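Results of the structural survey
Given next are the chains, with one letter for each unit.
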Amino acid sequence: MAIGSLRRRAGAFTASFLALFLGSTIIMAFASMLDTAASGGATGEAQSTLVIMANVVGGWGLLLVVFAVTSTLTLSVRQRASEIALLKSVGATPAQLARMIVGEAAGLAVAAALLAIVPGMLAGRGVLGLLHDTGQVPAEIGHSFGPVALSMGIGITTVSATAAALITARRATRAGVADSMRSAAVDTGRLSRKRIVFAVLFLLLALDEAVITVTLMDGKGSDVMATSGQADILAAIGLALLAPAIMRRATALLAGPLRAFGAAGELAAATMRRRTGALASAVTPVILFVGTAVGTLYLQATENAAMEAAGLAKTAEQKSIETLNFVVIGMVVLFTAIMLVNTLVAATAHRRREFGQTRLAGATPSQVLAAVALESAVLTVTGVVCGTVASVFTIVPFGLARRDSAVPAGNAWTYLAVVALAAALTGATTWAATRRAIRVPAVEAALR
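The chain has the name Putative ABC transport system permease protein in an unreviewed UniProt entry, where Actinomadura coerulea is given as its organism. The Sequence similarities (unreviewed entry) field of the UniProt record for the chain holds the comment "Belongs to the ABC-4 integral membrane protein family." Regarding the chain, the UniProt comment filed under Subcellular location (unreviewed entry) reads as follows: "Cell membrane".

Below, the structure is given as structure tokens:
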């Protein structure tokens, strides 16, 4: 059953495979710092820098990777709702469907992890080269890619994919045939109780970090970064978990303004009401990108301003922290940008039949493009707003603890650049994918 499904639905797994491949590459690259620290002859401060780089950046990268993989696999299974409902109707049991979904995910994970070994090794060399260039690790310490990197990359990727598949399989298989058919027709993206619990947990953890920053860590200098620096990531994940509810609310609020754009606005509003779950998956990388990038950039700008005001030169440890922050930004920007493009391409390509049916019902190709552009605008605005809220969990507490000011150092251009990049990626990817999808004749697309 799994092999047949893979052959029929190869395109639907592209997004999941790329997420697993990129995730495994990131995990291996930073885990190799532990191999380097153990066998490269590093001692003292150099060894500490390598371990911190692996644990801090690799640890947060791991969290983002697992979350992104789960989100992407959920989208893949959601796109197969009709297939799963059909298999149920011909007698497939929940256990058989679960084995099919989990088996496919595990197979993809192993293949992605094996293919990620060479890129992970090269990325690890790049990270160590950065540490060489900044003088934090002596140039004579060579890169080592050993058992830690391999075991963590392959093991974590496989376990996270299997766990994500188990979660999505349980939700996809426990409903009856009639409910599955309705879910395939209308993707409302309802929040499960567990998802709400985890969302609240992450938001409470972010709030706890913020409170600790302005109370216990007040006046502790650069050490404040230890608590404030991770609050935006926790908050972004919490808000991303609530994305289906957020998108439903955004759709309801913006339905009226969208209708002012005529037929394209009406089409966009109607489509968004039916595709809440898919929209939630698409907005997730935007939230993560904006929240983490804005929070970390302004955190570092505030730290630099505080050091300059005090007339102090940065220590080796502070330079290491600054490097960590920019590595985090680079990793998050690259990973979430690729995931954003990947998710939008997968989601838009899956709508080829929908676009064909819409055109047969009377909509012109330009109206379809305009409707998708409006959907993209709503996605961008929602993701930017949620990401900005997440960044506040880092920016405000850190500013109060470091400079007695809730207003961060830096200028508005930093924020505008992040927003512009998010908007450009979302808009350009959606437009290009839609343009490609509507090139197929309407009748042919509607019959696929």
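What follows concerns the pattern of salt bridges. Counted according to the given criterion, the structure contains two salt bridges. The closest approach of N and O atoms between E266 and R259, which form a salt bridge, is 3.4 Å. On the accessibility criterion, E266 (41% relative accessible area) is partly exposed. Residue class for R259 comes out partly exposed when judged on its relative accessible area of 36%. Across the salt bridge formed by E303 and R402, the nearest N and O atoms sit 2.7 Å from each other. Of this pair, E303 sits in helix α14 (residues 276-310) while R402 sits in helix α17 (residues 365-403), and the two are 99 residues apart along the sequence. On the accessibility criterion, E303 (3% relative accessible area) is buried.

Attention now goes to the nonpolar core. In this structure, I237, M247, V290 and L379 are the most contacted members of the largest nonpolar core, which totals 48 residues. Going through the elements one at a time, α9 (193-214), α11 (231-241), α12 (243-259), α13 (263-274), α14, α15 (316-349), α17 and α18 (412-437) are the ones with two or more residues in this core. Per element, the largest residue contribution to this core is 12 residues, and it comes from α14. If we skip the residues at most four places from it in the chain, M247 touches M272, T276, L279, A280, V283, V378, L379 and T382. A19, A42, L50 and A54 belong to the second largest nonpolar core, which has 20 residues in total.

Let's shift gears to the side chain of T380. With respect to the helices, strands and loops of the structure, T380 is situated in helix α17. You can call T380 buried: its relative accessible area is 10%. When neighbours within four sequence positions are excluded, T380 is seen to be in contact with V286, A423 and T426.

Each value, and the rule that gives it
- Residues numbered from 1 in each chain as written.
- Predicted model: local features only at pLDDT ≥ 70, side-chain atom pairs only at ≥ 80, totals over all residues.
- Heavy atoms only, no water.
- UniProt positions renumbered as here; feature names shortened; annotations may be inferred.
- Salt bridge = Lys/Arg side-chain N within 4 Å of Asp/Glu carboxyl O.
- Buried < 20%, exposed > 50% of the residue type's maximum accessible area, 1.4 Å probe, protein only.
- Helix = DSSP H or I, 4+ residues; strand = E, 2+ residues; numbered from the N terminus.
- Core = buried A, V, L, I, M, F, W, Y, C linked by side-chain atoms within 4.5 Å.
- Contact = heavy atoms within 4.5 Å.

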